[in-house]
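Coordinate inspection notes
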Amino acid sequence: EGDADLEKRPAVVTVMGHVDHGKTRLLDAIRHSNVVEGEHGGITQHIGAYQIGFDHDGRQRRITFIDTPGHEAFTAMRARGAKVTDIAILVVAADDGVMPQTVEALNHAQAAGVPIVVAVNKIDKEGANPDKIRGQLTEYGLVPEEYGGDTMFVDVSARQNLNIDDLLSAVLLTADAALDLRANPNKDARGIAIEANLDKGRGAVATVLVQSGTLKVGDTIVAGIAHGRVRAMFDENGDQVEAAAPSRPVQVLGLSTVPRAGDTFLVTDDERTARQIAEKREAADRNAALAKRRKRISLEDFD
Ligand code: GTP
Ligand code: NA
Ligand code: MG
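The notes below deal with the structure included here. Note that the coordinates shown come from a computational prediction; the quantities given were computed from them, not determined experimentally.

A word on the side chain of Arg134. Relative to the helices and strands, Arg134 resides in helix α4 (residues 130-138). Here the side chain of Arg134 touches Asp155 through a polar contact of 3.0 Å, side chain to side chain. Dropping the residues within four chain positions of it, Arg134 is found in contact with Val120, Pro144, Glu146, Tyr147, Phe153 and Asp155.

See below:
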């Protein structure tokens, strides 16, 4: 695969921060500010990831947001060796300040080498002190541009939809300045499972993020110990799609079982190969569990 095969792809962004600092509300604000209300009968269902498209400096741009329960999923995915996110938005409530999970989140992002954009949220609240947040984070190595550093801070209110566009601009500027986001769309897809659940009517429903290649309906995939032929795919609006390019999250139907968040997926030549890979993994998991139990029993023998 040569350099010429690589094409630009949208940035994948995760929102992290201390409990109740407004991660979910901010993701809602970003999504709603870029979705035509009523177009799909309103947005009700929760999905694990979505992509927005919007006009920026006369260019059509896209960003993919992963709506994880914050750093926990981030940690779980990293523990499985998966790199999901290109950029982290660190949300800090301006009336509360830097808290333990703020520090944890920024440590995770820094350890993974992921650039951080700081969203100083809840600036509508009485007692909001955005300057204090800038001072606090400077001590953790996140020095605001206006102080001569290289971290972008944007004051926002998720509740009042204040400065959401500025935040998106900051994400794009960070992506363009610090990252070379490219992937080859012209090959079999690879990516990662973001979340999955068992649906009564539809069976295993997995939200996956395509990281390279293009995923197509009819492809055979294996994700962790789950395998199957992609029966149908849906975008963030619940609309059916036939193909998903790099950085695109889609809901996938047709898997034999539910993959875990952070499981990688790949396309195989046929269903038999997918099943064999899945079965091998399952057997390996079983053996590992058995070995662990044997070890425990043999240790107990010495008590
Ligand atoms: P966890 O997922 O539980 O960690 O919380 P979170 O970070 O997702 O916070 P969430 O979005 O649930 O917001 C927590 C509370 O803060 C909710 O009551 C929100 O309505 C409120 N909130 C979020 N953003 C703002 C804001 O900009 N201004 C004000 N005044 N309240 C906000
Ligand atoms: Na909350
Ligand atoms: Mg939340």
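There's more to say after this.
So, on to the site of ligand 1. Contacts to ligand 1 come from 15 residues, most closely from Lys23, Thr24, Arg25, Asp124 and Ala158. Backbone polar atom of His21 to an oxygen atom of ligand 1: 3.3 Å apart, as the coordinates give it. Between ligand 1 and the protein, one listed contact pairs an oxygen atom with a side-chain N or O atom of Lys122 at 3.0 Å. For ligand 1, the accessible surface in isolation is 650 Å², of which the surrounding protein chains cover 74%. At three residues, helix α1 (residues 23-32) tops the list of elements feeding residues into the shell around ligand 1. Residues that form the shell around ligand 1 fall into these classes: two nonpolar, six polar and seven charged.

Summarising the element assignment, Pro130 is placed in helix α4. The sequence separation of Pro130 and Val267 amounts to 137 residues, and the corresponding C-alpha distance is 47 Å. If we ignore the near neighbours within four places in the chain, the residues touching Pro130 are Ala94, Val120, Ile123 and Asp155.

Cut-offs applied
- Residues numbered from 1 in each chain as written.
- Chains lettered and ligands numbered in written order.
- Predicted model: local features only at pLDDT ≥ 70, side-chain atom pairs only at ≥ 80, totals over all residues.
- Heavy atoms only, no water.
- Helix = DSSP H or I, 4+ residues; strand = E, 2+ residues; numbered from the N terminus.
- Polar contact = N/O pair within 3.5 Å; in protein donor to acceptor, adjacent residues only side chain to side chain.
- Contact = heavy atoms within 4.5 Å.
- Near = heavy atom within 4 Å.
- Areas by Shrake-Rupley, 256 points an atom, 1.4 Å probe, with all protein chains shown as cover.
- Nonpolar A, V, L, I, M, F, W, Y, C, P; charged D, E, K, R; others polar.

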